[in-house]
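Structure at a glance
So you can see what is in the structure, the chains are spelled out below.
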Amino acid sequence: MKVFTKYYAFIRERLGRSDEEFELEEGSTVADFLKLLSEKYSDKLVGLFDGPVLRKGFAVAVNGENVDMSDWNTTRLKDGDVVVILPPIAGG
Amino acid sequence: MEKHNWSIYIIMMMNTPPSGVYGKNSIGIEQLFRSVLESVGDGSAGAAVFFVGLVKRQGRGSKDSVGLYMESYEEHANKALRRICEEVRQEYGLQFVGVWHFLGSFGLGEAVVVAAAAGAGREETFEGLRKAVERYKREPALFKKEVYVDGTEAWLEGA
């Protein structure tokens with residue numbers, strides 16, 4: 001299945017792109033997606049991950065809604081989902 | 001930044017635009033104030049309170065700022081801002097709560113965000129507006145980069 005991601009703030013700047021498409025196995029979870037991302041960009045996203053786990057202060061949203069960290073291992077993604085890592089939020 | 005049909009909101013200016021994120025200069029602040037006042041102008045509201053967030057020179061670090069850049073995951077931010085406004089409106093028994101956050105590059109003194117609340121009495125209206133402001137700083141997917149006098153920049157971690 002295909003899932004899509006968008007990159008924001010310093011993540012977008014470090015990767016030099018605003019979005020990307022990933023091919024994942026059916027039944028993959030949010031945690032599986034994060035592991036894939038951390039492995040692909042282990043050099044460019046230094047400091048974002050501690051192993052495959054996101055550093056404190058970052059969040060994950062699926063289709064515009066936050067997914068609690070405690071649910072990352074059990075939340076299964078569907079074909080077409082948009083998964084976004086949210087850098088620390090700072091409203092104006 | 002995600003594509004947005006700003007012309008819709010320009011057309012909507014005679015009515016109060018929904019809470020959410022908008023491109024810089026796509027909403028006139030004076031028109032926004034007027035539309036909010038008109039929306040609660042039936043005599044049932046005794047107070048309308050507005051907050052305007054401005055770009056200030058003193059940034060987070062030791063260096064002065066010359067401006068900032070705001071970007072957003074718009075789907076997330078729009079959902080979050082509308083949820084915040086509705087929850088605060090109900091919690092404080094208000095007639096109206098709105099937050100309009102602008103995106104793009106801003107110079108010192110420019111407005112980055114407008115929040116408004118209206119209700120029967122000033123106490124709950126002030127309190128509700130403050131709650132909405134505290135929440136919009138932490139919940140919607142808004143990301144802020146400060147630009148400093150020495151030409152350096154930094155994404156802020158937390159509001």
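The structure under discussion appears in the preceding block.
So, here's what we can say about the structure. Since the model is a prediction, treat every value here as computed from it, not as a measurement. (Residues numbered from 1 in each chain as written. Chains lettered and ligands numbered in written order. Predicted model: local features only at pLDDT ≥ 70, side-chain atom pairs only at ≥ 80, totals over all residues. Heavy atoms only, no water.)

Considerations on the overall build of chain A
Within chain A one finds 2 helices and 7 strands. Relative to a compact globule of 92 residues, whose C-alpha radius of gyration would be 12 Å, chain A shows 12 Å and is just as compact. Classification of the 92 residues of chain A by burial places 49% in the buried group. Pairs at least 24 residues apart make up 55% of the contacts formed inside chain A by residues separated by at least 6 positions. Within the structure as shown, chain A displays about 4,600 Å² of accessible surface, and the carbon and sulfur contribution to it stands at 48%. Side chains of chain A give 12 positive and 16 negative charges; the mean places of these two sets differ by 5 Å. (Helix = DSSP H or I, 4+ residues; strand = E, 2+ residues; numbered from the N terminus. Rg over C-alpha atoms; globule rule 2.2 N^0.38 Å. Buried < 20%, exposed > 50% of the residue type's maximum accessible area, 1.4 Å probe, protein only. Contact = heavy atoms within 4.5 Å. Areas by Shrake-Rupley, 256 points an atom, 1.4 Å probe, with all protein chains shown as cover. Lys, Arg positive; Asp, Glu negative; His and termini not counted. Charge placed at Lys NZ, Arg CZ, Asp CG, Glu CD.)

Section: the packing of aromatic side chains
A complete count under the given rule lists 7 aromatic pairs over all chains for this structure. With centroids separated by 5.7 Å and ring planes inclined at 35°, the aromatic side chains of Tyr 8 of chain A and Phe 143 of chain B adopt a geometry described as tilted. One end of the pair, Tyr 8 of chain A, is in the loop between strand 1 (2-6) and helix 1 (9-15); the other, Phe 143 of chain B, is in strand 6 (residues 142-148), on a second chain. Assigned by exposure class, Tyr 8 of chain A and Phe 143 of chain B land together as buried. Between Phe 96 of chain B and Trp 100 of chain B the ring centres are 6.1 Å apart and the planes differ by 20°, which places this aromatic pair in the stacked class. The buried category is assigned to Trp 100 of chain B, whose relative accessible area is 0%. These aromatic residues form a ring-pair network of at least three members: Tyr 8 of chain A together with Tyr 73 and Phe 143 of chain B. (Phe/Tyr/Trp six-rings, centres within 6.5 Å; stacked < 30°, edge-to-face > 60°.)

Regarding the environment of Arg 122 of chain B
All names here are of chain B. Tracing the backbone shows Arg 122 in helix 4 (residues 122-136). For Arg 122, a relative accessible area of 58% corresponds to the exposed category. Distance from Arg 122 to Ala 48, taken between C-alpha atoms, is 7.8 Å for residues 74 residues apart in sequence.

Digging into the side chain of Ser 28 of chain A
All names here are of chain A. Locating Ser 28 in the fold gives a position in the loop between strand 2 (19-23) and helix 2 (30-40). Separated by 2.6 Å, the side chain of Ser 28 and the backbone oxygen of Glu 25 make a polar contact. Filtering out sequence-adjacent residues up to four positions away, Ser 28 remains in contact with Met 1, Thr 75, Arg 76 and Leu 77. (Polar contact = N/O pair within 3.5 Å; in protein donor to acceptor, adjacent residues only side chain to side chain.)

Notes on the interface of chain A and chain B
If you look at the interface, chain A gives 21 residues, while chain B gives 28 residues. Here chain A and chain B share an interface that buries about 1,900 Å² over both sides, 52% of which is from carbon and sulfur atoms. Together, Ile 89, Ala 90 and Gly 92 of chain A form the three largest contributors to the area buried by chain A at its contact with chain B, with a combined 32%. If you look at where chain A meets chain B, you find 4 salt bridges. For the salt bridge of Lys 79 of chain B with Glu 65 of chain A, the shortest nitrogen-to-oxygen distance reads 3.7 Å. Only helix 1, strand 6 (65-67) and strand 7 (82-86) of chain A provide two or more residues apiece to the side of chain A that touches chain B. A per-element tally of the side of chain A that touches chain B places helix 1 of chain A first, with 4 residues. (Buried area = accessible area lost by both parts, 1.4 Å probe. Salt bridge = Lys/Arg side-chain N within 4 Å of Asp/Glu carboxyl O.)

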